[in-house]
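# Residue-level structural notes
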Amino acid sequence: MDKEATMPAQLYRNARIFTSDRRTWAESLVVVGDRVTYVGDEATAARVAGPDALIHDLDGATVLPGFVDGHAHVVGTGEAAVQVDLWGANTLAEIQRRIRRWAEENPDAPRVLATGWKHGDIPGGTPDRSMLDAVVADRPVYAQAYDFHSIWLNSAALAEAGIDDTTPSPPGGTVHRDERGGATGLVDETAMHHLVWPVLDHFADDSDRDEALAVVLAAYAESGIVGSTEMALGEADYEAMRRADAASALTARIVAFWRVQPTGDEGSNLAQVERAVELATHRATPFLRVTGIKVMVDGTVDGCTAALGKPYVNGANTDPIWSLAELAPVVAAADAAGLQVAMHAIGDEAIRVAIGAVEHAVALNGPKERRHRIEHLEVVDPADIERLAALGITASMQPVHADPAIQENWRRVLGDERVDRGFPWPEMTDAGAVLALGTDSPTSPHAPLPNMFIAATRRSALDPSLPANIAHYALPLADAIVHATRDAAWASRSEQLHGRLAEGLYADFIVLDRDIFTRPLEELLDTRVLRTVVGGRVVHQAQPGANR
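Note that this is a predicted model, so its numbers are computed, not measured. (Residues numbered from 1 in each chain as written. Predicted model: local features only at pLDDT ≥ 70, side-chain atom pairs only at ≥ 80, totals over all residues. Heavy atoms only, no water.)

## Describing the overall build of the protein
Applied cut-off: The numbering of helices and of strands both runs from the N terminus, where a helix is a DSSP run of H or I of at least 4 residues and a strand a run of E of at least 2. Buried, partly exposed and exposed residues are distinguished by accessible area as a fraction of the type maximum, computed with a 1.4 Å probe on protein chains only: under 20%, between the cut-offs, and over 50%, respectively. Only heavy atoms enter the contact rule, under which two residues are in contact if any of them lie within 4.5 Å. The Shrake-Rupley method, run with a 1.4 Å probe sphere, supplies the accessible areas, and residue values consider only the shown protein chains as cover.
Looking only at helices and strands, the protein has 18 helices and 22 strands in total. Taking the principal axes of the C-alpha coordinates as reference, the protein spans close to 80 × 60 × 50 Å. Out of the 548 residues in the protein, the part that is buried amounts to 57%. Nonlocal contacts in the protein, meaning residues at least 24 apart in sequence, comprise 72% of its contacts between residues at least 6 apart. Here the protein displays about 20,700 Å² of accessible surface, and carbon together with sulfur accounts for 52% of that area.

## Digging into the sheet that holds strand β13 (residues 225-233)
Formally: A pair of strands is considered paired only if DSSP assigns at least 2 bridges between the two. Lines are fitted to the C-alpha atoms to define the axes, a helix being fitted only along its stretch in contact, and any angle between axes, read from their N-to-C directions, falls within 0 to 180 degrees.
Strand order in the open sheet made by the eight strands is β6-β13-β14-β15-β16-β17-β18-β19, with parallel pairing throughout. Lying at the two open borders of the sheet, with one neighbouring strand each, are β6 (67-72) and β19 (435-437). Strand-to-strand twist in this sheet, taken as the mean axis angle between neighbours without regard to direction, amounts to 25°. Where strand β17 (residues 373-376) meets strand β18 (residues 394-397), three bridges bridge the pair, whose relative direction is parallel. Considered in β18, the bridge of Ile 374 is made with Ala 395.

## Digging into the packing of helix α10 (residues 266-282) against helix α11 (residues 324-336)
Here is the rule we go by: Note on terminology: angles under 35 degrees are roughly parallel, angles over 145 are roughly antiparallel, angles of 65 to 115 are roughly perpendicular, and the others are oblique. For any pair of crossing helices, the crossing counts as left-handed if the nearer helix is rotated counterclockwise from the farther one by less than a right angle, and right-handed if it is rotated clockwise. By the convention adopted, Pro, Cys, Tyr, Trp, Phe, Met, Ile, Leu, Val and Ala count as nonpolar, Lys, Arg, Asp and Glu as charged, and the other residues, Gly among them, as polar.
α11 packs onto α10 with a crossing angle of 30° between their chain directions and a minimal axis gap of 10 Å. By the criterion of interaxial angle, the relationship of α10 to α11 is roughly parallel. Here the hand of the crossing between α10 and α11 comes out right-handed. Here α10 contributes Glu 266, Asn 269, Leu 270 and Val 273 to the contact with α11, which in turn contributes Pro 329, Val 330, Ala 333 and Ala 334. For the contact of α10 with α11, the per-class residue count stands at six nonpolar, one polar and one charged.

## Observations regarding unusual backbone geometry
That bond from Ser 441 to Pro 442 is cis: its omega, 10°, falls within 30 degrees of zero. Checked against the element boundaries, Pro 442 lands in the loop between β19 and α16 (448-457). Non-glycine residue His 376 carries a positive phi angle of around 95°. The topology assignment puts His 376 in strand β17. One non-glycine residue, Arg 493, adopts positive backbone phi at about 60°. Mapped onto the elements of the fold, Arg 493 is located in the loop between α18 (486-490) and β20 (509-512). On the basis of relative accessibility, which here comes to 23%, the residue Arg 493 falls in the partly exposed class.

Printed below as a string of structure tokens:
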């Protein structure tokens, strides 16, 4: 006999349930095994559940589908949680103080790893190794920028990584040098990927990655995330996820995009696509699946590595990491194999390259079901919004990146009318594109409810006293939640798994300590998740708050 057929139904009643589905509100839901069997009124739910049902009276609490982070770096989020936290440092002196304190408190650590500094925190926006040498000179220091597109090394770290004044910069990245040609300690984009990250990966073993994954899964459960879209998956992190999946330890469903790096050789690029095809075809489970590939078309505005149609205010600009000629065959091959393609494109020129690659795939491969995506879309021309919507490209965007507390340098380096159209979420949906919201953690905090506060107000979750960042781009709260649940699931082909509360989907949902739809939006910053349920199983349980 089927085990689930013998299990009693679970009846969740006396609740205010936001479904993210066509029928927006419900009173009760019934769970049998790991699936939802009914969502609707209380009387019908009781009949469906039957007399032997296990009853959960929620005392009028608000229930949402669990959040699906539309763009994240899962293991990296866990790794960042145990590094020196430079978020909110805001000045070079404070960055140095935090690094020095950690080094003094951890004298036996062989190296210092930090994350979260912003380019605007550094005088002139240009970090130098001497600034880190001044506080830690006896061991390597690796300080990752908050956007994870630049890393800052002290002299010991440069030596450990084998970077010196003669090290060439690879295509799409830079080993920064001073006026005498000396390596400054700042390494960005593909130079960081090829020269620094492999060194750091060498120092981490399977147990480190397993622990980082456990840390982030616990944080996900506590904050109400039931699914995450891993961007830039590689072999080591994938194996950690497979180990956790085999041990039934995954408490959030992970859908992954395999990282494809530009090599300068089309055959090598396409071989990376073939690896993604292999993983997507043979190894899917309800908790772990590869759905496509991820490519980095440009960098970031803060680091002046985003590719723009016209220069930054200082006259500088940069080329895309992938040219259209290089990217088009990769996208076409993935498209022909049925993979999704996610393209990091922040600047308007990079966005045009990404759209052009999809146009090429459509022309080459003909009509078919496809769900390609562009990630971030921070500086985008209105005409290109119409183009991407017409092609069915998902706009994958992150409200946390528009937080006013981290916008000063972003606005300064653009310096013109482009700052008045930054992060234009409603323009995407007005044009008919699907908008999927996420966090891009650990480049930003992973917690979804503060992310919803930014989406619904364009104000800062880090400093709510700051004025809104282009207030007319704010989203209605209910719409924001749909974009962070139903639409984020759809964007990774998971809409038949979760993202809504509907019959037949997995019972992935959360219970909140208050009704966020009737309370002031500021309360999103204090709202707690009382319970997180994944596949009908409680993975997080907290004590109820005094207010609801």
